[in-house]
Amino acid sequence: MIRLLHAADFHLDSAFSALPAALASRRRQEQRLALQALAALCREKQCDAVLLAGDLFDSARIYRDTLDALRDFCQTCGAEVYIAAGNHDHLCPGSPYLTERWPENVHLFPSERITSYRTERLNLTIYGASFTAPEAPSLLEGFRVADPQAVNVMVLHGDTQPGSPYDLVTPAQIASSGLAYLALGHIHAGGSGKVGQTLCAWPGCLMGRGFDECGQKGALLVELDESGCRTEFLPVHTRRYEILQLEAGENALASATAALPEDTQDDCYRLIFTGESDPLDLAALERALAPRFFSLSLRDRTLPKTDLWAGCGEDTLRGHFLLELKQRYDGADEATRRVLAQAAKLTLALMDGREVLL
């Protein structure tokens, strides 16, 4: 069996501009530490090779600490490392891929032309190509493996959005490639699918950097044998970004406290308050809740409260309906009151021709 570690989109030295400077610096350090965790996973799974599918750096401005951390990852992962540069870390004059000294186990795909490395022991051929500018043509166009009897894989930074300028990869190209596995980067949400005989996958980014990258992040373990090719998601435990939407209710602080998981102190949260409510004091809520998180942002999407029983008793269909419901409401327990209040809100919305939000 052949085991590969597939990772992409580290975006090392991201600006983290939404955070204060001190926290942004801390997050960049945590990106470097995530490489240590990834190297440990590679050793634990006894991987034969590492496929890094581009955008390892966020830009051309790289701290020396970051270069040292990536070099250390390559030296300690226990496997051969194959790098295909992406649009953020494309090969250009001054690129650290070209100017820095890298360990002997690091193999860079040096151009937009697809080239390959061969491992006879595993009967494995690893193809790949790199961006040499912020955009790239469709690099897989016209490709077919040289030896269909070998185990053939490829590492590319590529997109599937029609018209994309970032190495557009199409189903037709994948199906005709002859590859067993296509290791892709660029899309920060993980995913996979089989096209023809080829399994193609994105591992997603290694660490979330904003609320468009929520949830657990990590890499993929790829296993290839006589029975085929399969992947397993390997989480790399770093700070998570999470969005929680909740009704403010009568007491927004109590509502938030009741809805939150216990262990949030290491994570970045956005709380979105909804429903009908008195005006919220977001500054006071943030002061009360912020100690529970690494970082916190609040959004107020509540609506002004309406007088539920306005018009009760009037000689109209609305008034008679409300009177009947309120008489039952006044004599009910708390749980039944909540049900009756919701029934009143929904019915009045229908009477007024408003959209009913369930």
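In short, a report on the structure.

The rules behind these values
- Residues numbered from 1 in each chain as written.
- Predicted model: local features only at pLDDT ≥ 70, side-chain atom pairs only at ≥ 80, totals over all residues.
- Heavy atoms only, no water.
- Helix = DSSP H or I, 4+ residues; strand = E, 2+ residues; numbered from the N terminus.
- Buried < 20%, exposed > 50% of the residue type's maximum accessible area, 1.4 Å probe, protein only.
- Contact = heavy atoms within 4.5 Å.
- Polar contact = N/O pair within 3.5 Å; in protein donor to acceptor, adjacent residues only side chain to side chain.
- Salt bridge = Lys/Arg side-chain N within 4 Å of Asp/Glu carboxyl O.
- Pairing = 2+ DSSP bridges.
- Axes fitted to C-alpha atoms, helices over the stretch in contact; angles between N-to-C directions.
- Core = buried A, V, L, I, M, F, W, Y, C linked by side-chain atoms within 4.5 Å.

1. Considerations on the environment of aspartate 58
You can see aspartate 58 is positioned in the loop between β2 (49-52) and α2 (64-76). Take aspartate 58: its relative accessible area is 18%, and that puts it in the buried class. Between the C-alpha atoms of aspartate 58 and phenylalanine 10, which are 48 residues apart in sequence, the distance is 7.7 Å. With residues up to four places along the chain from it excluded, the contact list for aspartate 58 reads His11, Leu12, Asp13, Ser14, Ala15, His88 and Arg209. Here arginine 209 takes part through its side chain, which lies 3.3 Å from a polar atom of the side chain of aspartate 58.

2. Re the pattern of salt bridges
One pass over the full model with this rule turns up 18 salt bridges. Close ionic contact of aspartate 48 with arginine 121 constitutes a salt bridge, the shortest N to O distance being 4.0 Å. With aspartate 48 in the loop between α1 (21-44) and β2 and arginine 121 in the loop between β5 (115-119) and β6 (124-128), this pair connects stretches of sequence that are 73 residues apart. The residue arginine 118 makes a salt bridge to glutamate 120 at a minimum N-O spacing of 3.2 Å. A relative accessible area of 36% places arginine 118 in the partly exposed class. The exposed category is assigned to glutamate 120, whose relative accessible area is 61%.

3. Structural notes on the sheet that holds strand β11 (residues 218-225)
Here 6 strands make up an open sheet; going across it, the order is β4-β3-β2-β1-β11-β12 and the pairing mixed. Looking along the sheet, the strands with just one partner apiece sit at the ends: β4 (106-108) and β12 (228-235). Shown here is a sheet whose adjacent strand axes are inclined to one another by a mean of 25°, direction ignored. Relative to the sheet, α1 contacts β1 (2-7), β2, β11 and β12, its axis offset from that of β1 by approximately 165°.

4. Some details on the nonpolar core
Of all hydrophobic cores here, the largest spans 36 residues; its most connected members are Phe10, Leu38, Val50, Leu52, Phe73 and Tyr97. Secondary structure elements with two or more residues in this core: β1, α1, β2, α2, β3 (80-83), β4 and β11. Top element by residues in this core is α1. It accounts for 6 residues. Sequence-distant contacts of phenylalanine 73, that is, excluding residues within four places in its chain, are made with Leu35, Leu38, Ala39, Val50 and Leu52. Among the nonpolar cores identified, the runner-up in size contains 21 residues, and Leu51, Ala84, Ala201 and Leu220 belong to it.

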